[in-house]
Amino acid sequence: MILDYIGVKEIRGALIMLEHAENAIFGEVVTIRMDSGAERQGRVVQIDGDKVMIQVFEGTKEISLTNTRIQMMGHPMEVALAPEILGRVFNGSGKPIDGLGRIFPKKLADINGSAINPVSRIYPQNFINTGISAIDTLMTLIRGQKLPIFSGSGMKHNELAVQIVRQAKIADQGKDDSFCIVFAAMGVKNDVAEYFRRSFEESGVLGHVVMFLNLATDPIIERNLTPRCALTVAEYLAFELDKHVLVIMTDMTIYCEALREFSSSKEEIPGRKGCPGYLYSDLASMYERAGMIRGKNGSVTQLPIVTMPNDDVTHPVPDLTRYITEGQIQLDRALDTKGIYPPIDVFASLSRLMKDGIGEGFTRADHSALSSQLFASYSRVMEARSLASVIGEEELSESDKRYIRFGKMFEEQFIQQGFHENRTIEQSLDLGWKLLASLPRNE
């Protein structure tokens with residue numbers, strides 16, 4: 001039942017307080033009509049008896065305390081779903097912004113989906129080929145996994161995200177079009193948003209990408225909706241249209257900052273670094289929507305990007321993300337300073353599901369052995385460099401000098417990869433063996 005109310009009790013930032021509201025539902029969508037006739041959307045975020053707190057997406061400017069009409073719509077925030085959603089661009093709340101008209105939905109779905117039931121889950125296997133040697137060989141992305149990218153301010157995580165969108169494919173794809181990508185950007189500048197859109201159009205991949213763009217000039221409250229809209233679309237594509245969906249969300253730290261600001265406006269007690277005390281469960285409610293379901297052919301794989309304030313991996317956002325997800329890909333500022341792209345820190349990165357998605361039948365039989373050899377050899381490189389910093393490289397043994405040379409080749413030929421260079425898994429594995437061949441056989 002749709003109910004109308006006239007006037008509000010209080011306006012506080014992006015929140016308005018309504019009294020004597022009957023049968024309000026938490027998360028219910030609200031339409032707000034102002035004196036000018038303009039309409040805004042909101043949702044119920046707190047209920048205390050007959051007192052209701054409403055979050056206004058477009059802000060509360062020009063809203064009157066006495067004449068504002070509030071209509072309770074009787075349903076939660078929903079997003080329109082249809083097969084033709086592929087190739088479309090939406091704002092953070094799921095409204096089309098590409099000029100191609102509205103979506104004629106096959107169904108409307110609540111964006112506040114739930115985590116996949118553990119009993120219904122299938123253990124993730126089968127790797128996703130990103131075309132990037134360091135990821136595919138050393139921290140393989142597995143279909144149905146959640147594997148975040150940890151980055152720092154000013155580093156090339158946006159370029160890496162674009163390259164993965166352009167190159168990613170599933171190993172058994174063949175001529176099948178069952179692989180697609182949902183890309184969500186939160187709080188990005190206009191030039192960055194245009195860079196994402198232009199890159200996907202020019203590379204010809206936009207047709208199998210669904211984009212959600214929340215700009216820095218958009219209401220901060222809309223950022224709380226963006227990842228949930230993206231995941232709802234991904235679940236529809238995966239579990240109703242049987243597609244394998246890779247969800248890339250950038251940047252989850254900006255999402256968490258918006259959540260912190262929203263929590264502060266509600267006068268909630270802050271936790272560590274001012275973050276709300278429920279940050280862990282909030283992140284888990286999104287990350288745990290990745291996976292595969294028994295009886296369904298599709299899958300949802302998540303690759304969220306998390307920037308670390310001051311490169312601090314113990315900051316609440318990356319720290320809690322590590323607890324929830326199955327590993328991480330961490331970018332290194334020292335490699336970035338040396339001009340190496342992508343600047344992936346091999347030792348700080350790992351994929352906990354890698355062991356079950358590589359080898360015979362998935363990648364190649366020698367994948368696991370090669371990965372172990374590369375990790376072991378590169379760790380010797382770090383030891384040799386530490387020793388050289390103390391006694392000088394000239395005083396090193398011949399074996400240590402070989403490792404120093406190997407480390408330079410490993411970084412400049414294996415980790416270093418051109419932005420437009422797309423390597424198959426076979427090319428990456430062969431390159432790894434070629435570099436190891438520069439070491440003595442007894443090593």
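See the structure printed just above.
Below or above, wherever it landed, is the structure these notes cover. (Residues numbered from 1 in each chain as written. Predicted model: local features only at pLDDT ≥ 70, side-chain atom pairs only at ≥ 80, totals over all residues. Heavy atoms only, no water.)

1. Re the overall build of the chain
Convention followed: Working definition: helices are DSSP H or I runs of at least four residues, strands are E runs of at least two. Numbering for both runs from the N terminus. As defined in this context, the radius of gyration uses C-alpha atoms, and a globule is described by 2.2 Å times the residue total to the power 0.38. Exposure classes here rest on a 1.4 Å probe applied to the protein chains alone. A residue is buried below 20% of its type maximum, exposed above 50%, and partly exposed in between. Two residues qualify as a contact provided that any one of their heavy atoms is within 4.5 Å of a heavy atom in the partner residue. Accessible surface is estimated by sampling points in the Shrake-Rupley manner with a 1.4 Å probe; for residues, cover comes only from the protein chains shown.
When you go through the chain residue by residue, the secondary structure sums to 11 helices and 21 strands. In terms of C-alpha radius of gyration, the chain reaches 24 Å, essentially the compact-globule figure of 22 Å for 443 residues. Taking the principal axes of its C-alpha atoms as reference, the chain extends roughly 85 × 50 × 40 Å. By residue count, 55% of the 443 residues in the chain fall in the buried class. Intrachain contacts of the chain at a sequence separation of at least 6 include 73% that bridge at least 24 residues. On the chain, roughly 18900 Å² of surface is accessible, and the fraction owed to carbon and sulfur atoms is 50%.

2. Overview of the packing of aromatic side chains
So the rule is basically this: Under the pairing criterion, centres of Phe, Tyr and Trp rings, with the six-membered ring standing for Trp, must be within 6.5 Å; the plane angle then separates stacked pairs below 30 degrees from edge-to-face pairs above 60, leaving the rest tilted. In this scheme, the term charge over a ring applies when either NZ of a lysine or CZ of an arginine sits within 6 Å of the ring centre and within 35 degrees of the ring normal.
A full pass over the atoms with the stated rule returns nine aromatic pairs. Centre to centre, the rings of Tyr195 and Phe196 are 5.8 Å apart; their planes meet at 45°, and the pair counts as tilted. A single burial state applies to Tyr195 and to Phe196, both of which are buried. When the centroid spacing of 5.3 Å and the interplanar angle of 15° are considered together, the rings of Phe347 and Tyr378 count as stacked. Linking Phe347 in the loop between helix 8 (333-337) and strand 21 (350-351) with Tyr378 in helix 9 (residues 367-391), this pair joins segments that are 31 residues apart in sequence. Judged by its relative accessible area of 39%, Phe347 is partly exposed. The aromatic ring of Phe419 is capped on one face by Arg166, whose charged end is 4.5 Å from the ring centroid.

3. With respect to the sheet that holds strand 16 (residues 209-215)
In plain terms, the rule: By definition, two strands form a pair when at least two bridges between them are found by DSSP.
If you trace the eight strands from one edge of the open sheet to the other, you get 9-16-15-17-19-13-20-21, paired in mixed fashion. Looking at the sheet topology across the chains shown, the edges are occupied by strand 9 (89-91) and strand 21. Across three bridges, the pairing between strand 13 (residues 149-151) and strand 19 (residues 299-307) is parallel. In the strand pairing of strand 19, Phe150 is matched with Val306.

4. What to know about helix 6 (residues 279-287)
Inspection of helix 6 places Leu279, Asp282, Leu283, Ala284, Met286 and Tyr287 among the buried residues, and these make up the whole buried set. Of the surrounding elements, those touching the buried residues of helix 6 are helix 4 (226-239), helix 5 (252-265), strand 19 and helix 7 (316-324).

5. A word on the side chain of Glu411
Among the structural elements, Glu411 can be located in helix 10 (residues 398-415). Its relative accessible area of 4% is what places Glu411 among the buried residues. Sequence-distant contacts of Glu411, defined by excluding residues within four places in its chain, comprise Leu335, Lys338, Ile340, Tyr378, Met382, Arg385 and Gln416.

6. Quick word on unusual backbone geometry
With omega at 15°, the peptide bond leading from Thr250 into Asp251 counts as cis. Residue placement: Asp251 occurs in the loop between strand 17 (244-250) and helix 5. Here Tyr341 and Pro342 are connected by a cis peptide whose omega angle stands at -10°. Residue placement: Pro342 occurs in the loop between helix 8 and strand 21. Although it is not a glycine, Glu267 adopts a positive phi angle of roughly 60°. Checked against the element boundaries, Glu267 lands in the loop between helix 5 and helix 6.

7. Quick look at the pairing of strand 4 (residues 28-33)
A regular strand places its side chains on the two faces of the sheet in alternate fashion. In terms of residue burial, strand 4 counts as a mostly covered element, since five of its six residues are buried. Note: strand 4 against strand 7 (residues 69-76), five bridges, orientation antiparallel. Its bridge partner lying in strand 7, Val30 is registered against Met72. Sheet topology places strand 4 next to strand 5 (residues 39-48); five bridges connect them, and they run antiparallel. Across the sheet, the residue bridging to Thr31 is Gln41, located in strand 5. Between strand 4 and strand 5, which pair antiparallel in sequence order, lie five residues; one of them, Gly37, sits at a positive phi of approximately 95°.

8. Structural notes on the pattern of salt bridges
To keep things clear, this is the line we draw: For this analysis, a salt bridge means a side-chain nitrogen from Lys or Arg found within 4 Å of a carboxyl oxygen belonging to Asp or Glu.
Inspection of every chain in the model, using the stated rule, returns 24 salt bridges. When the shortest N-O distance is used, the salt bridge between Asp98 and Arg88 registers 2.7 Å. Pair noted here: Asp98 is in the loop between strand 9 and strand 10 (107-110) and Arg88 is in the loop between strand 8 (78-81) and strand 9, with a separation of 10 residues, a long-range link. The salt bridge partner of Glu398 is Arg405, with a shortest N-O separation of 3.5 Å.

9. Regarding a nonpolar patch on the surface
For clarity, the cut-off: Each patch is built from salt-bridge-free residues with over 30% relative accessible area, joining like charges within 9 Å and nonpolar side chains (Val, Leu, Ile, Met, Phe, Trp, Tyr) within 5 Å.
Taken together, the side chains of Leu387, Val390 and Ile391 present a nonpolar region at the surface, about 270 Å² in accessible area. The topology assignment puts Leu387 in helix 9. Judged by relative accessible area, Leu387 falls into the partly exposed class, the value being 37%.

10. Observations regarding the side chain of Gln330
Within the secondary structure layout, Gln330 lies in strand 20 (residues 327-330). Assessed through its relative accessible area of 15%, Gln330 is described here as buried. When near neighbours in sequence (up to four residues on either side) are disregarded, Gln330 contacts Phe150, Met308, Val313, Pro343, Ile344, Asp345, Ala348 and Ser349.

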